[in-house]
Amino acid sequence: MWLPCRCATKYVVASFRRGVSASFLHVLRRGRSSWNSAAFMPESAGFEGVSGRDALHDYSVSHGESFWDAVARQRLSWIRPFDAVQDCDLSQGRIKWFEGGKLNVSVNCLDRHVHTCPERVALIWERDEQGSEVRYTYRELLEMTCRLGNLLRRHGVKKGDCVTIYMPTCPLAVASMLACARIGAAHNVVFAGFSSEALAERIRDAQSSTVITVNQGVRGGKITELKRTVDAAVQSCPTVRQVFVAMRTEKRVEMTDRDFTLEEEMLKEDVVCEPAAMDSEDVLFLLYTSGSTGKPKGLVHTQAGYLLYAALTHRYVFGYHDGDVFGCVADIGWITGHSYTVYGPLANGGTTVLFESTPVYPDPGRYWDMVERLRINQFYGAPTAIRLLIKYGDQWVKKYDRSSLTTLGSVGEPINTEAWEWYNRVVGEGRCPVVDTWWQTETGGICIAPKPSEPDAEIVPGMAMRPFFGIKPVLMDTEGKLLTSNNTSGALCMALPWPGMARTIHNNHQRFLETYFQPYPGYFFTGDGAYRSQEGYYQITGRLDDVINVSGHRIGTAEIEDVLNQCSAVAESAVIGYSHNIKGQGKYQRVYAFVVLKKGVDIQEADLSKQLNSMVSEKIAKYACPDFIQLAKRLPKTRSGKIMRRVLRKVVDCDLDGLGDLSTLDDPAAVQEIIEGHEKLS
Ligand code: WT7
């Protein structure tokens, strides 16, 4: 793997940490000074009469044009300034920001910081092997990015092409993303835990000619054969002309004519690479995510609006200050990794940690050992990992010095009160605000979070609470009417557009409109339900559609059914999310599958379950495997043949009184059979 010159870096880290700290912001952080909007957010100095967080939020939604205009001019470096702040119409699903403007995202993330502080550390690669972290300065990351940009150009990758990146979280993956941005190509990062078929599907849909991968991945002490997975995938991807392979381990892997060793090729390239001047609305990346129906959808994010929103939320939700070390442990294959490991921190000139390992490798103290060693200030993780670590006991946390921590973030699924309190009390010693951040691949960045808030404002455990600047959440009832009062629950929608939101679904704008804009005309529909408290704070209650959130991983029931139905023993299936309520761990979702066998098939349940699990992990990923499989003679259906999932959900939730209207059911006896089958299983 491409390694920087270590001695130079060490010197730099020390001088950087000495140099840039005691700004007025540190005083604010201790809460000594009262909230002053202009001091908090310098670009708000021109907003007349605005003082206090709530006033600034009100201004950002009532004077959106002026708010985003000021922020975009001051936060981003433009090659050409924009002509119009926005041209959006949610009723049409039209979203355009900063048109007429030209910029380059990699210049905003790299060159401008290299001009002011070339030796500042941009990346700390926390390798799987504990204690072997490697630092990369902004100068080194720019150099890597430029070599990669030149390499891609020399190999025919052009503006508008899409490069698929199938790599673990590592510096060359970040440089690959930025190299795409530099030459105007879009990237499509595919989580390295996805199977070859899932990868192939995404490469085909994105029509990539180029794939970047590693010989092998290393995670939790285990080797994964990523190059082999790519080899299997590209067999069914006629568009792929070339595969670049970085060497994460020493192991030589089989190379064909279309494969190149990335590091060798990079050495041939120049360290200067002319950045492409991109329009604000050119595509920056595609990122595939699951929907309630059909195949995963490639959400499209564009240049200026996405970058601005990632940068602004990174700075203000987490209270990131110059010189801080930001530790987001999400994989770069997810949107969290895109916005808060890569783009947000780098646009802010920050130091960001690339976490390659797992929370329990080599032992359950891994996160906190890393916090101590790297002096991490903001730690951003997932409730599923917190729940897991609670089980191992407090001693794994207390062993390490966590005094550097100032903020603890949570994302991906609701964080139950017990986990919230443990995170706050044990990890953060009660000093650090816990910010539960709600957002989605579609939103590009955090939309609802307890911070920013006035210095002494309360944070309610397990609540995402406050909309970010420019965000106007609303709740809708089942008839599509706006719920205006507090202390109420409904479908969570957004009444205003914001710069970070996705612009379309790659190759399927119609699906984009149908999914997000048609359910509640004039609003963006999130797919989630939420509760608004008496005080006006938001709490997310979970998905309202056929999407399951398995420990923060999102998966469509239709995708799993599609795989189950391919099994030769299976006639049909129905998959639902099963809310498990475990004492002390709160509610979380598991995958529950109903399976109807073909007539005459005789198979042991254990064999069937083994077979189905291996099919799902082969075709999608391990996390999508059913936790429960219930065999059924038939599924409850309407007379028109639609499976009544509502009924199945009520049965597994043991809410038989809530079965509701069964009059459209084709054969009511089917429900009784399902109930009996479920009772046997549980
Ligand atoms: C779905 C989006 C945003 C990055 C990670 C997941 C659920 C996300 C929270 C939270 C409750 C949450 C929602 C959302 N979700 N954050 N703080 N509280 N639920 O991104 O894969 O696009 O999934 O994750 O259901 O719709 P994603």
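Note that the structure is predicted; figures quoted are calculated from it, not measured.

Definitions and cut-offs
- Residues numbered from 1 in each chain as written.
- Predicted model: local features only at pLDDT ≥ 70, side-chain atom pairs only at ≥ 80, totals over all residues.
- Heavy atoms only, no water.
- Near = heavy atom within 4 Å.
- Polar contact = N/O pair within 3.5 Å; in protein donor to acceptor, adjacent residues only side chain to side chain.
- Areas by Shrake-Rupley, 256 points an atom, 1.4 Å probe, with all protein chains shown as cover.
- Helix = DSSP H or I, 4+ residues; strand = E, 2+ residues; numbered from the N terminus.
- Nonpolar A, V, L, I, M, F, W, Y, C, P; charged D, E, K, R; others polar.
- Salt bridge = Lys/Arg side-chain N within 4 Å of Asp/Glu carboxyl O.
- Buried < 20%, exposed > 50% of the residue type's maximum accessible area, 1.4 Å probe, protein only.
- Pairing = 2+ DSSP bridges.
- Arc of directions from axis to C-beta.
- 1 Å grid on protein atoms, 1.4 Å probe; cavity = no way out; pocket = protein on both sides within 12 Å on 5 of 7 lines; lining within 4 Å.
- Points joined across faces, edges and corners; volume = space filled by probe spheres on them.
- Axes fitted to C-alpha atoms, helices over the stretch in contact; angles between N-to-C directions.
- Contact = heavy atoms within 4.5 Å.
- pLDDT = per-residue confidence, 0-100.

Peer 1: Would you mind showing me how to read the site of the ligand here?
Peer 2: In the vicinity of the ligand lie 17 residues, with Asp436, Thr437, Thr441, Asp528 and Arg554 positioned nearest. Residue Thr437 places a main-chain N or O atom 2.7 Å away from a nitrogen atom belonging to the ligand. A total of 560 Å² of accessible area belongs to the ligand in isolation, and the protein chains cover 94% of it. Mapped onto the shell around the ligand, the elements with two or more residues apiece are α13 (335-347) and β26 (538-543). The residue makeup of the shell around the ligand, split by class, is six nonpolar, six polar and five charged.

Peer 1: For this particular structure, what's the right way to read the pattern of salt bridges?
Peer 2: Pairing between side chains of opposite charge can happen when their charged atoms approach one another. Applying the stated rule across the entire model yields 42 salt bridges. Between Arg402 and Glu429 there is a salt bridge; the shortest N-O distance is 3.7 Å. In this pair, Arg402 is assigned in the loop between α16 (395-398) and β19 (407-410) and Glu429 in the loop between α17 (417-427) and β20 (434-436), connecting sequence segments 27 residues apart. For Glu429, a relative accessible area of 43% gives the class partly exposed. It is possible to trace a salt-bridge network through shared partners that takes in Glu126, Glu133, Arg135, Arg366, Asp369 and Arg373.

Peer 1: What exactly am I supposed to notice about the pairing of strand β25 (residues 524-532) here?
Peer 2: The side chains of a regular strand alternate between the sheet's two faces. Most of β25 is tucked away: eight of the nine residues are buried. Across six bridges, strand β23 (residues 488-494) lies against β25 in antiparallel orientation. In the sheet register, Ser489 faces β25, and the bridge partner there is Tyr531. Two elements, β25 and β26, share five bridges in a ladder whose sense is antiparallel.

Peer 1: Would you mind going over helix α10 (residues 226-234) with me for this structure?
Peer 2: Turn by turn, an α-helix covers 3.6 residues, leaving residues three or four places apart pointing in a common direction. Residues Leu226, Lys227, Thr229, Val230, Ala233 and Val234 constitute the buried set of α10. Down the axis of α10, the sector holding all buried residues measures 155°, keeping them to one side.

Peer 1: Honestly, empty space enclosed by the protein in this entry has me stumped. Any pointers?
Peer 2: Here the idea is plain: a probe the size of a water molecule rolls over the atoms and shows the empty space left. Inspection of every chain in the model, using the stated rule, returns one cavity of 30 Å³ or more. Roughly 40 Å³ of volume is contained in the largest cavity. Taken together, Val189, Val190, Phe191, Phe194, Arg202, Leu287, Tyr288, Gly333 and Trp334 make up the full set of residues lining the largest cavity. The class makeup of the residues in the lining of the largest cavity is seven nonpolar, one polar and one charged.

Peer 1: What's the story with the sheet that holds strand β16 (residues 325-328) in this structure? I'm lost.
Peer 2: Each strand in a sheet pairs with another by means of backbone hydrogen bonds, the pair being arranged parallel or else antiparallel. The seven strands are arranged β5-β4-β17-β16-β18-β19-β20 in an open sheet whose pairing can be described as mixed. With one partner strand each, in any of the chains shown, β5 (134-137) and β20 form the two edges of the open sheet. Strand-to-strand twist in this sheet, taken as the mean axis angle between neighbours without regard to direction, amounts to 20°. Across the sheet, helix α8 (residues 171-183) touches β4 (121-126), β5 and β17 (351-355), and the angle it forms with β4 is around 135°.

Peer 1: Just to check I follow, could you spell out the confidence of the model for the chain for this structure?
Peer 2: Low-pLDDT portions of the prediction should not be read for the details of their coordinates. Put simply, the chain has an average pLDDT of 92, and 95% of its residues get 70 or more. Here residues 5-33 scores under 50 on pLDDT; set against residues more than four positions off or in separate chains, the count is 34 contacts. Scored as a whole, the predicted complex attains pTM 0.91, and scored at its interfaces, ipTM 0.99.

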